[in-house]
Amino acid sequence: MFTLIGLGTGAAYLYSLAATLLPQLFPDSFRDAHSEVSVYFEAAAVITTLVLVGQVLELRARQRTSGAIRELLHLAPETAHLVTGGGDHEVSLAQVKRGDLLRVRPGERVPVDGTVREGASAVDESMVTGEPLPVEKQSGDIVTGGTLNASGSFVMVAERVGRETLLARIVKLVSEAQRSRAPMQRLADKVAGYFVPGVVAAAILAFLGWEFFGPEPRFAHALLAAVSVLIIACPCALGLATPMSIMVAVGRGASAGVLVRNAEALETLARVDTLVLDKTGTLTEGKPQLATLAAVEGSGLSEDDLLRVAASVERSSEHPLARATVEAAGAKRIELEDPAEFRASPGGGVEARLNGDHVLIGTPKFLQERGLAIPLDSQTNPLYQATATVGAASTSHVFVAINGKPVGSLVFTDLLKETTPEAIKALRGEGLRLVMLTGDRRESASLIAKELGLTEIEAEVRPEEKAAVIERLKNEGRIVAMAGDGINDAPALAAADVGIAMGTGTDIAMENAGITLVKGDLRGIVRARRLSRATVSNIKQNLAFAFVYNLLGIPIAAGVFFPWFHWLLSPMIASAAMSFSSVSVISNALRLRGSKL
């Protein structure tokens, strides 16, 4: 950026130095009416001073653009109240370890991420989720470090400390995103690469024009015009146009519960026309519960026996349905056994040996692939009649077979998130094509799609097939965003033009997504899209200002209008104008802090 300033001030200073030390070498055309050779030390000094003043103003404005990170860092308290057998002790946050019991008093900030052990309170989570209303917390609920305890007192178990806390991860993501480069910035950099040589050429033309056609002293006028062109055309504003907007936008998003991982995702989101939505954990709560189960007549198993077999095998699995099965068995105090030769098939099911019997648990397709004939119609499978009492919640069916014979079925419900219908309505209002993508049976997917008014469903899709669905949509010419929360969504999130992860989901999903919604609320996509559009618009305004400024400034500095209006720009004024352009671009970027999302 400072190549042009260096050339301009260097030329003025070296010429002045030569004129001072060796004035006798200069011909009459270089002298003024008093036969003296003009010097421009003051111009070089003032230009340098004005550039430095501009840098100070720019740095002060830049500090405001990174204010979001400072505000986030200030959210973490410096100390915590450690609960021990001898009472409460105040310790520094660095001393808190996983598993420690911590007391959070009214008006204090939660020190680290963890779970409420005892007590209850309302916690203000707006600083990390963007939601203004306090959230009621009681035993078993998750609390986040940096959030503000409003009224009650509670004891929590520390689970994530130091760099593992959500607040620390947010700060890391925000700082990385603010340093990332948007595609528009690459374009600006490419233009600047041609722009600088073009300005040098314009300065040479201005010099030659004044030298051959200007009034006396021609050389003095030519030098001033060339220096003015070099100074006023410094592409500082052009270079700042994109990164300043990105820095402010990323910080604004963080305060609204929208974490931007890279600038490209933020820019692309404004152009997205198709949004693919995972079902479990994205549209629904992602906390399935066993609703009902039924043993096949003649299997010789009672419902408790069926639950014991299923839970004993599933206890080795991390799948949400497996956890729900084990929890249901625990609620009935059913004693479980240890399985052998356990194997899991992602998106299909599990198999193991239990007391010498070969047990299969999974989807109808999973069992059919292993040679079992599964009754799927309501006449032969008692489970489908039982599901009528479950209601219009999302349902998932799991079949159980022992030694090649179907012995029973389980039905799980996963309720819609309260905010999902409102979010779907808002997303449809954005003109997006909405596609639901799930590994569940089509009948189950249709239930929730009907409730939400979704018409496009991709059901019974294996995890490895989800990315193929995204690629197919992209091959249709669509710009695709994918929203998901699980490990099985990671390939699809990576394949999409923009991956959107639920903050309530797995870490691997967030690692593969360009944007993360801290609260896991789909309404955050609407906020993210508004932020994206505002950011792109702001960048375009900055770039337009930078280009128009140079298009107008260069001809004036070169003296193109001198024959008609006698306009001739002093290099010092050109320097002040150049600095003003940079500050103006940053000031425009700062307007994003007040964007309504």
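Residues numbered from 1 in each chain as written. Predicted model: local features only at pLDDT ≥ 70, side-chain atom pairs only at ≥ 80, totals over all residues. Heavy atoms only, no water.

(A) Quick peek at the overall build of the protein. Across its full length, the protein holds 22 helices and 22 strands. Among the 597 residues that make up the protein, the fraction classed as buried is 51%. Pairs at least 24 apart in sequence give 67% of the contacts found in the protein among residues at least 6 apart. As presented, the protein carries roughly 27,200 Å² of accessible surface, and 56% of it is formed by carbon and sulfur atoms. (Helix = DSSP H or I, 4+ residues; strand = E, 2+ residues; numbered from the N terminus. Buried < 20%, exposed > 50% of the residue type's maximum accessible area, 1.4 Å probe, protein only. Contact = heavy atoms within 4.5 Å. Areas by Shrake-Rupley, 256 points an atom, 1.4 Å probe, with all protein chains shown as cover.)

(B) Representation of the packing of helix α1 (residues 3-21) against helix α7 (residues 218-232) within the structure. Axis separation between α1 and α7 bottoms out at 7 Å; the angle between their running directions is 155°. Here α7 runs roughly antiparallel to α1, going by the angle between their axes. Taken as a pair, α1 and α7 cross one another with a handedness that is left-handed. The segment α1 lies against α7, with L4, I5, L7, G8, T9, A12 and Y15 engaging F219, L223, V227, L230 and I231. Tallied by class, the residues present in the contact of α1 with α7 amount to 10 nonpolar, two polar and no charged. (Axes fitted to C-alpha atoms, helices over the stretch in contact; angles between N-to-C directions. Parallel < 35°, antiparallel > 145°, perpendicular 65-115°, else oblique. Left-handed = near helix turned anticlockwise from the far one by under 90°. Nonpolar A, V, L, I, M, F, W, Y, C, P; charged D, E, K, R; others polar.)

(C) Geometry of the pattern of salt bridges. Under the counting rule described, the total for this entry stands at 19 salt bridges. Measuring nitrogen to oxygen at the nearest pair gives 3.3 Å for the salt bridge that ties D278 to K466. Here D278 is found in strand β11 (residues 274-278), whereas its partner K466 is found in helix α17 (residues 463-475), with 188 residues between them in sequence. A relative accessible area of 5% places D278 in the buried class. The exposure class assigned to K466 is buried, which follows from its relative accessible area of 1%. (Salt bridge = Lys/Arg side-chain N within 4 Å of Asp/Glu carboxyl O.)

(D) Looking closely at the pairing of strand β18 (residues 433-437). Burial runs high along β18: four of the five residues are buried. Direction of pairing for β11 relative to β18: parallel, over a ladder of five bridges. Opposite L275, over in β18, you have L434 as the bridge partner. By the bridge criterion, three bridges tie β18 to strand β19 (residues 456-458) in an arrangement that is parallel. In the sheet register, L437 faces β19, and the bridge partner there is E458. (Pairing = 2+ DSSP bridges.)

(E) Focus on the packing of aromatic side chains. A full pass over the atoms with the stated rule returns one aromatic pair. With a centroid separation of 5.4 Å and 70° between ring planes, the pair formed by Y13 and F41 is classed as edge-to-face. Residue Y13 is located in helix α1, and its partner F41 is located in helix α2 (residues 41-65); the two are separated by 28 residues in the primary sequence. Its relative accessible area of 41% is what places Y13 among the partly exposed residues. Here F41 falls in the partly exposed class, since its relative accessible area comes to 28%. (Phe/Tyr/Trp six-rings, centres within 6.5 Å; stacked < 30°, edge-to-face > 60°.)

(F) Inspection of the sheet that holds strand β8 (residues 148-149) at higher detail. Ordered in space as β6-β5-β8, the three strands form an open sheet in which the pairing is antiparallel. Among the strands making up the open sheet, the edge pair consists of β6 (135-137) and β8. Two strands pair when backbone bridges link them, and strand β5 (residues 121-124) and β6 are joined in this way by three bridges, in the antiparallel orientation. Within β6, the position partnered with V123 by the bridge is V135.

(G) Representation of the sheet that holds strand β7 (residues 142-143). If you walk across this open sheet you meet the six strands as β2-β1-β3-β9-β4-β7, and the pairing is antiparallel. Every interior strand has two partners, whereas the edge strands, β2 (87-92) and β7, have only one. As judged from the two bridges shared by strand β4 (residues 113-119) and β7, these two strands associate in the antiparallel manner. Along β7, the bridge assignment pairs T115 with I142.

(H) Structural context of the pairing of β2. Where strand β1 (residues 79-84) and β2 come together, six bridges link them in antiparallel fashion. From the neighbouring strand, T84 faces β2, where its bridge partner is G87. Taken together, β1 and the strand that follows it, β2, pair antiparallel across an intervening segment of two residues.

(I) Examining helix α11 (residues 303-314) more closely. Taking 1.5 Å per residue, 12 residues should reach 16 Å; α11 reaches 16 Å between its end C-alpha atoms and fits that length. Within the sequence span of α11, burial applies to L306, L307, V309, A310, A311, S312, V313 and E314. (Expected span 1.5 Å × (residues − 1).)

(J) Looking closely at the nonpolar core. Judged by nonpolar contacts, the single largest core of 39 residues is most densely connected at L72, I170, V174, I246 and L259. Counting residues per element, the ones that place at least two in this core are α3 (67-75), α5 (166-179), α6 (183-213), α8 (236-255), β10 (258-260), α9 (263-269), α20 (523-558) and α22 (571-590). No other element matches α8, which puts 11 residues into this core. Grouped together as the second largest cluster of nonpolar side chains are 37 residues, Y40, I47, A226 and V229 included. (Core = buried A, V, L, I, M, F, W, Y, C linked by side-chain atoms within 4.5 Å.)

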